[in-house]
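A structural walkthrough
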Amino acid sequence: MSDCPCCSVKNYSECCEAIIKNESAPTALSLMRSRYTAYNVLKNLAFAA
Ligand SMILES: [Zn+2]
């Protein structure tokens with residue numbers, strides 16, 4: 001996984017992945033980003049299936 005789907009410049013593994021897995025975020029903004037990322041990741045997986 002490369003760039004995070006939330007449009008940050010971080011890698012996915014360094015950005016939203018940990019937030020999604022831990023289901024906690026340090027800030028409201030990062031929580032919003034992780035929700036957006038989770039939505040897009042799940043959507044992409046559904047399309048790919
Ligand atoms: Zn992210």
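Rules used throughout
Residues numbered from 1 in each chain as written. Predicted model: local features only at pLDDT ≥ 70, side-chain atom pairs only at ≥ 80, totals over all residues. Helix = DSSP H or I, 4+ residues; strand = E, 2+ residues; numbered from the N terminus. Buried ≥ 20, exposed ≤ 12 C-beta atoms within 10 Å, placed from the backbone. Core = buried A, V, L, I, M, F, W, Y, C linked by C-beta atoms within 7 Å. Contact = placed C-beta atoms within 7 Å.

1. Considerations on the overall build of the chain
From N to C terminus, the chain includes 2 helices and 0 strands. Counting only C-alpha atoms and orienting by the principal axes, one finds that the chain spans roughly 35 × 20 × 15 Å. Counting across all 49 residues of the chain, residues that qualify as buried make up 16%.

2. What to know about the nonpolar core
Membership of the largest hydrophobic core is limited to 5 residues, which are C4, C6, C15, C16 and I19. Apart from the residues lying within four places of it in its own chain, the contact partners of C15 are C4, C6, S8 and K10.

3. What to know about the environment of E14
One can find E14 in the segment before α1 (16-22). E14 gets classed as exposed once you count the C-beta atoms within 10 Å, which come to 11.

4. Overview of unusual backbone geometry
For C7, which is not a glycine, the phi torsion comes out positive at approximately 75°. With respect to the secondary-structure elements, C7 resides in the segment before α1.

5. Observations concerning the environment of R33
Looking at the secondary structure, you find R33 in helix α2 (residues 28-48). According to the C-beta neighbour criterion, R33 is buried, with 22 such atoms within 10 Å. Considered as a pair, R33 and I19 are 14 residues apart in the sequence and their alpha carbons are 9.3 Å apart. With near-sequence residues (within four places) excluded, R33 lies in contact with C6, S8 and C16.

On their own, these measurements won't tell you what the molecule is for.
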